[in-house]
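# Remarks on the overall topology
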Amino acid sequence: MTRRTDIDVRPVTEAEFPDWNRALNTGFLQPPAVAAEQLEARRLQFVPGRLLGAFDGDRCVATFRSFDQEITAVGGALVQADAISNVTVTATHRRRGLLTRMMARDLAAAKDRGDVVATLIAAEYPIYGRYGFGPATTMTEWTVDVPRARLDPRWAAPEDGGRIDLVDGEDVRKLGPELHERLRRAQPGAVSRADLWWQARTGAVNLSGLPWTEPCYALYRSADGQVEGLASYRADDHWGDAKQPLNTATVDWLLAVTPGAERALWRYLCSIDWVQTVKSGWRAPDDLLPHLLPDPRAARITTQADWLWVRILDVVRALESRAYEGRGSLVLEVVDRGGPAGGRWRLEAGPDGASCVPTTESAHLVLDVGELATLWLGDESAVRLAALGRVREERAGAARVADALLRTSRRPWCPDMF
């Protein structure tokens, strides 16, 4: 076994990029060989210094990539984030501290750049808490039994005067980014999308190496012609005995900036001939979907899990960037062993803004930096975390004060996988 000190963790060069991709595919249980076309597409993601690898001799045995991102805080402020992805350690080199070394290097660079938080989507729950990350949003997937939903089978168009048109990938690349921009500025937990995201989701660029099959795209325009919703979906071809259609429509993603657009798109998806089942894709846990149906029980939850994880790098800027509906003050003692966010902070917040400053006052709440991240977007309850032993009250009632300040009326949601 190679000693830990003999494995070099460093930024990946362009010459090492093919080997890094081979390790990436291996780590995600994909065929190791990377086709030339796929490799060239992935080079669009290559940013010098933002791809890290662990090398045992000249072979890459661990991968790590980060990139610039914005995340929407409560109230709509866009916060600079260090987005982390493509994390793997080859099975032959586990338990040697390679991820710890790559993570420490990346987070230190993010802090130096002035990033406020780091973000990731965790494939496995237990890994990232030890690096100061906490689950900050949840996702839910519903499976809709269309016949049970009791929708009017005579439906043909939105009742609000809007219309739904099927469009192609070129239309999506033109209209989608502006629609998403409107959505993410109003949705806490949403993240920015680069142009490459739209190219990859419409077949203009193939990052996966798998054969591209174009989905269907449904566009909703309001009565005055404004684009307010867009969905990507696919359908299978499954028939039962006696020529009975049993097809399933699976939503890749659905964006809607008004309730009317959301209602119209779900109604359209549940009205497609032959479709008996609709799978919603990754939605917000308080999505409107079930209660848009006459029988909400027709939509059963098939997946519910943590989604976006956040790591606070700058407590002051993170807490001052978000909005607060209530008014109050808290002294937070944040525990961040060896990290940049530890300390004691006094938060004074209200509808007109917030101030967060270091203090020597006695703490009201003591919590790990990962728990602060869990509370930051407003989805979790400090009272609940206290009951779980993950937040400690030093002043009676402090957890209720935290909830009154931090919790939001609608739950945060991140529509993206990255």
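Scroll up a little and you will see the structure.
Residues numbered from 1 in each chain as written. Predicted model: local features only at pLDDT ≥ 70, side-chain atom pairs only at ≥ 80, totals over all residues. Heavy atoms only, no water.

## Things to note about the overall build of the protein
- Helix and strand counts for the protein come out as 11 helices and 21 strands.
- Scaling as 2.2 N^0.38, a compact globule of 418 residues should have a C-alpha radius of gyration of about 22 Å, and the protein matches this with 23 Å.
- The dimensions of the protein, computed from C-alpha atoms along their principal axes, are 70 × 55 × 40 Å.
- A burial count over the protein gives 50% of its 418 residues as buried.
- Long-range pairs, those at least 24 residues apart, make up 72% of the contacts in the protein between residues at least 6 apart in sequence.
- When the accessible surface of the protein is totalled, it reaches about 19700 Å², and 50% of it is carbon and sulfur.
- Each charge class in the protein was averaged separately, 52 positive and 57 negative side chains, and the resulting centres sit 4 Å apart. (Helix = DSSP H or I, 4+ residues; strand = E, 2+ residues; numbered from the N terminus. Rg over C-alpha atoms; globule rule 2.2 N^0.38 Å. Buried < 20%, exposed > 50% of the residue type's maximum accessible area, 1.4 Å probe, protein only. Contact = heavy atoms within 4.5 Å. Areas by Shrake-Rupley, 256 points an atom, 1.4 Å probe, with all protein chains shown as cover. Lys, Arg positive; Asp, Glu negative; His and termini not counted. Charge placed at Lys NZ, Arg CZ, Asp CG, Glu CD.)

## Brief notes about the sheet that holds strand β6 (residues 134-135)
- Pairing in this open sheet of 7 strands is mixed, and the strands run β1-β2-β3-β4-β5-β16-β6 from one edge to the other. The open sheet has two edge strands with one neighbour each: β1 (7-11) and β6.
- Of the strand pairs in this sheet, β6 and strand β16 (residues 308-312) are connected by 2 bridges, and their pairing is antiparallel. Among the inter-strand pairings, Pro135 is bridged to a residue of β16, identified as Trp309.
- Packing of helix α1 (residues 17-27) onto the sheet brings it into contact with β2 (51-56), β3 (59-72) and β4 (78-89), and relative to β3 it is tilted by some 85°. (Pairing = 2+ DSSP bridges. Axes fitted to C-alpha atoms, helices over the stretch in contact; angles between N-to-C directions.)

## Overview of unusual backbone geometry
- Non-glycine residue Ala242 carries a positive phi angle of around 55°.
- Relative to the elements of secondary structure, Ala242 occurs in the loop between β11 (239-240) and β12 (244-245).
- The phi dihedral of Trp274 is positive, around 80°, even though this residue is not glycine.
- Along the chain, Trp274 turns up in the loop between α7 (259-269) and β14 (275-279).

## Thoughts on the environment of Thr138
- As for its position among the elements, Thr138 is in strand β7 (residues 138-145).
- Overall, the relative accessible area of 16% leaves Thr138 in the buried class.
- Each residue touching Thr138, except ones within four places of it in the same chain, is listed here: Arg283, Pro285, Gln304, Ala305, Asp306, Trp307, Asp379, Arg411 and Trp413.

## Notes on helix α5 (residues 169-184)
- End to end, α5 covers 21 Å across 16 residues, agreeing with the expected 22 Å (1.5 Å per residue, within 8%).
- At Leu175, α5 shows its strongest bend, of approximately 40°, with the proline Pro177 following within four residues.
- Residues of α5 that are buried: Gly169, Val172, Gly176, Leu179, His180, Leu183 and Arg184.
- Between the side-chain oxygen of the N-cap and the backbone nitrogen of Glu170 there are 3.2 Å, and the N-cap of α5 in question is Asp168. (Expected span 1.5 Å × (residues − 1). Bend = angle between axes of the 7 residues up to and from the residue. Polar contact = N/O pair within 3.5 Å; in protein donor to acceptor, adjacent residues only side chain to side chain.)

## Structural notes on the packing of aromatic side chains
- The final tally for this structure, using the stated rule, is 11 aromatic pairs.
- Between Tyr128 and Phe133 the ring centres are 6.2 Å apart and the planes differ by 75°, which places this aromatic pair in the edge-to-face class. With respect to class, Tyr128 is no different from Phe133; both count as buried.
- Here Trp282 and Trp307 contribute two aromatic rings whose centre-to-centre distance is 4.7 Å and whose plane-to-plane angle is 45°, an arrangement assigned as tilted. Of this pair, Trp282 sits in the loop between β14 and β15 (299-306) while Trp307 sits in the loop between β15 and β16, and the two are 25 residues apart along the sequence.
- Taking relative accessible area as the criterion, Trp307 reaches 6% and is therefore assigned buried. (Phe/Tyr/Trp six-rings, centres within 6.5 Å; stacked < 30°, edge-to-face > 60°.)

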